[in-house]
Amino acid sequence: MWTADEIAQLCYKHYETQLSKQGKPEPNREWTLLAAVVKVQSTTNQACNKSVQVTKEVVSMGTGTKCIGLSKMRKTGDVLNDSHAEIIARRSFQRYLLHQLYLAAVLKENSVFVPGIEERLWKLRPDLSFVFFSSHTPCGDASIIPMLEFEDQPCCPISRDWANNQLIETSDNLKVPEDKRKCEDLDSLVNKKIRLEPRSPARELANGTAHCQNLGAQEFGPVPQSIINSDTRMAPGGAKVVDVHRTGAKCVPGEAGDSGKPGAAYHQVGLLRVKPGRGDRTCSMSCSDKLARWNVLGCQGALLMHFLEEPIYLSAVVIGKCPYSQEAMQRALIGRHAPNCISLTFRCQNVSALPKGFGVQQIKIQQSDLLFEQSRCAVQAKRVNNSARLVPCGAAISWSAVPEQPLDVTANGFPQGMTKKGIRNLQIRSRISKVELFRSFQNLLNSISEDRWPDSLRKPGAHSGSRPLDLGSETHQIITSLSEKGFQWILVASISSHFISSPSFPVLNINFSYG
């Protein structure tokens, strides 16, 4: 039907041709991550019931590497808390789906939706599916990738520093004091120097070494014998796992936490994590955790679910060329819901009592051999005699396949270039912010006669200004139930869970805690 390289190539081409220079990384100085949702349409031969033609189209795209801390969250829902590429792409996808529902329900035009079996509800056309693409392994659990003994790796636990190109200091004793540990892998969005033992000279060991190389031919040092001898385990093929790639994502409160031991036991896999941040700690769950959640709840969001007969699930996830493990991806997105999962947080009974239409999806996961040219690895490989620090791009780009203002560029959660005074202007905010997505949903409701609203929105008094709309209650019930059974999900603080009512939006106290 399609290949991983075809999906990656389509997304890279779309990035180059459809996105303007605004918000893209500064050449030779910045890097970014890319994510997108691709619509796949299959035309089948009715006689033999085989697919004869496949068309692919990018319907949403996002770039970004940042997220804001708790202190910068706002009650008004006009700031983007999480601007990682995967999250921007999914929010842009929600904007696309809202427009497609408007086409179907209001304009009666061609759309990805068709009438469902149940009255007033809609469902996805049977010939369509959606593939999620990310140029890099999602942060969090999927980034805890095993390193095998005597195997070339895209990065090493002991190597040259990616940002400053300085040698790492090592010693025979690799036990790291908690207050001195700085280890993070490529997925960490904060560039730090790895210093395993202060004031000890860097040296190369003669025996028991395994050399590593990154995707851009960056030279790395060897893996010391002391790592190979500590806390090893076996990979499915019989090779020794000597270490794991580090993730900067921190375990959520209530989880067991990482051991911090050298070697493969450094991280505890399967745990829920929040995105890394310097100073003001974030409340945004890792991209691995959010993708796992979408694999149960769907990508449509609580608002759109009112009009849908069943959730909108991804059929596949494709990852670009980067540090990658099929085992880690399967575990992070699917396996943590399995009965034999080692994590205490995820157990089979936690996701067994779901409403009709919801369930853990066995999505296809593949990797492409094509590297994103503005990824960290690619930019690093192109830099020659450049001592300037390589940093993540501070801007995030959102693109949706919608007719009005498809492009949206933000920084620190607000439209790029906005001043502190401009933040108070309600007309200047991201098109994929909570309040703007709700406004689009409200416009959809206003365009449909009330007798055609779904039953969940036709309760007496549910749409009056004196009573808040009970939107997303099904999603709320699911996650509340899972939380009671052991899911330690970070609930967004009340300052951003509900919008403050205003004359323009009298029912803005809608629960978005889990979006």
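Residues numbered from 1 in each chain as written. Predicted model: local features only at pLDDT ≥ 70, side-chain atom pairs only at ≥ 80, totals over all residues. Heavy atoms only, no water.

Asker: Any chance you could explain the pattern of salt bridges here in plain terms?
Answerer: Side chains that differ in charge, positive against negative, can pair when their charged atoms come close. Tallied over the entire structure, the rule returns 14 salt bridges. A salt bridge links Asp455 to Arg458, with the shortest nitrogen-to-oxygen separation between them at 3.5 Å. For Asp455, a relative accessible area of 54% translates into the label exposed. What makes Arg458 partly exposed here is its relative accessible area of 35%. Among the charged side chains, a network of salt bridges with common partners joins Glu26, Arg29 and Glu30. (Salt bridge = Lys/Arg side-chain N within 4 Å of Asp/Glu carboxyl O. Buried < 20%, exposed > 50% of the residue type's maximum accessible area, 1.4 Å probe, protein only.)

Asker: It is not clear to me how unusual backbone geometry should be interpreted in this structure. Could you clarify?
Answerer: The phi angle at Asn28 is positive, at roughly 65°, despite the residue not being glycine. Locating Asn28 in the fold gives a position in the loop between helix 1 (4-18) and strand 1 (30-31). For Asn28, a relative accessible area of 42% gives the class partly exposed. (Helix = DSSP H or I, 4+ residues; strand = E, 2+ residues; numbered from the N terminus.)

Asker: Sorry if this is basic, but what is going on with the pairing of strand 8 (residues 128-134) here?
Answerer: Residues in a regular strand project their side chains so that they alternate between the two faces of the sheet. The buried fraction of strand 8 amounts to six of the seven residues, a majority that puts the element mostly inside the structure. Across four bridges, strand 8 lies against strand 14 (residues 316-319) in parallel orientation. Note on strand 14: the bridge partner recorded for Phe132 is Val317. (Pairing = 2+ DSSP bridges.)

Asker: Just to check I follow, could you spell out helix 4 (residues 287-297) for this structure?
Answerer: Side chains three or four residues apart in an α-helix point the same way, a direct result of the helix having 3.6 residues per turn. Most of helix 4 is tucked away, with 11 of its 11 residues classed as buried. Every buried residue belonging to helix 4 is among Cys287, Ser288, Asp289, Lys290, Leu291, Ala292, Arg293, Trp294, Asn295, Val296 and Leu297, and all of these are buried. Backbone geometry just after helix 4 places Gly298 at a positive phi near 90°.

Asker: Looking at this model, I keep getting lost on helix 2 (residues 85-105). Mind explaining?
Answerer: For helix 2, built from 21 residues, the straight-helix expectation of 30 Å at 1.5 Å per residue is met to within 8% by its first-to-last C-alpha distance of 30 Å. The buried count for helix 2 comes to 20 of 21 residues, which makes it a mostly enclosed element. (Expected span 1.5 Å × (residues − 1).)

Asker: For this particular structure, what's the right way to read the nonpolar core?
Answerer: Considering soluble globular proteins, one finds that nonpolar side chains tend to be buried as a cluster. Counting residues in hydrophobic clusters, the biggest one holds 85 residues, and the most contacted among them are Met61, Phe93, Phe113, Phe130, Phe132, Phe307 and Leu333. Here this core gets 10 residues from one element, more than from any other, and that element is helix 2. Non-local contacts of Phe307, meaning those with residues more than four positions away in its chain, are made with Leu101, Arg120, Leu121, Trp122, Phe441, Leu444, Leu445, Ile448, Pro454 and Leu457. Counting six residues, the second-largest nonpolar core is a separate cluster that includes Ile68, Met73, Cys283 and Phe414. (Core = buried A, V, L, I, M, F, W, Y, C linked by side-chain atoms within 4.5 Å. Contact = heavy atoms within 4.5 Å.)

Asker: Looking at this model, I keep getting lost on the environment of Asp408. Mind explaining?
Answerer: When you line up the elements, Asp408 lands in strand 18 (residues 407-411). Setting aside chain neighbours within four positions, we find Asp408 in contact with Ala396, Ile397, Ser398, Ser430, Arg431 and Ile432. Side-chain polar atoms of Asp408 contact the side chain of Ser430, separated by 2.6 Å. From its side chain, Asp408 meets the backbone nitrogen of Arg431 in a polar contact 3.4 Å long. (Polar contact = N/O pair within 3.5 Å; in protein donor to acceptor, adjacent residues only side chain to side chain.)

Asker: What's the story with the packing of helix 2 against helix 4 in this structure? I'm lost.
Answerer: A pair of packed helices is characterised by two quantities: the angle between their axes and the separation of those axes. Interhelical geometry of helix 2 versus helix 4 gives an angle of 30° and a closest axis separation of 9 Å. For the element pair helix 2 / helix 4, the angle class is roughly parallel. Here helix 2 contributes Glu86, Ile87 and Arg90 to the contact with helix 4, which in turn contributes Cys287, Lys290 and Trp294. For the contact of helix 2 with helix 4, a count of residues per class yields three nonpolar, no polar and three charged. (Axes fitted to C-alpha atoms, helices over the stretch in contact; angles between N-to-C directions. Parallel < 35°, antiparallel > 145°, perpendicular 65-115°, else oblique. Nonpolar A, V, L, I, M, F, W, Y, C, P; charged D, E, K, R; others polar.)

Asker: Help me understand the side chain of Asp82 in this model?
Answerer: Positionally, Asp82 belongs in strand 5 (residues 82-84). A polar contact of 3.0 Å, which involves the side chain of Asp82, links it to the backbone nitrogen of His84. Looking at Asp82, its side chain comes within polar contact range of the side chain of Lys275, at 2.6 Å. Apart from residues lying up to four places away in sequence, Asp82 is in contact with Lys66, Cys67, Ile87, Ile88, Lys275, Ser284, Met285 and Lys290.

Asker: Please clarify how the confidence of the model for the chain should be interpreted in this entry.
Answerer: Detail in the predicted coordinates should be disregarded across regions flagged by low pLDDT. For the chain, per-residue confidence averages 75 on the pLDDT scale, and 65% of positions sit at 70 or higher. Note on residues 152-232: pLDDT under 50 across the span, and 189 contacts to partners over four residues away in sequence or across chains. (pLDDT = per-residue confidence, 0-100.)

Asker: Would you take a moment to explain the packing of aromatic side chains for this structure?
Answerer: How two aromatic rings sit relative to each other is given by the distance of their centres and the angle of their planes. Under the defined criterion, the tally for this structure stands at seven aromatic pairs. With 6.2 Å between their ring centres and 15° between their planes, Phe93 and Tyr96 make a pair best called stacked. Of this pair, Phe93 and Tyr96 both sit in helix 2, three residues apart, which is roughly one turn of the helix. You can call Phe93 buried: its relative accessible area is 1%. (Phe/Tyr/Trp six-rings, centres within 6.5 Å; stacked < 30°, edge-to-face > 60°.)

Asker: Could you clarify how one ought to interpret the environment of Val131 in this entry?
Answerer: Along the chain, Val131 falls in strand 8. You can call Val131 buried: its relative accessible area is 0%. Sequence separation between Val131 and Tyr313 is 182 residues, and the spatial gap between their C-alpha atoms is 9.2 Å. With residues near it in sequence (within four places) discarded, Val131 still touches Trp2, Ile7, Ala36, Val37, Val38, Val40, Ser315, Ala316 and Val318.

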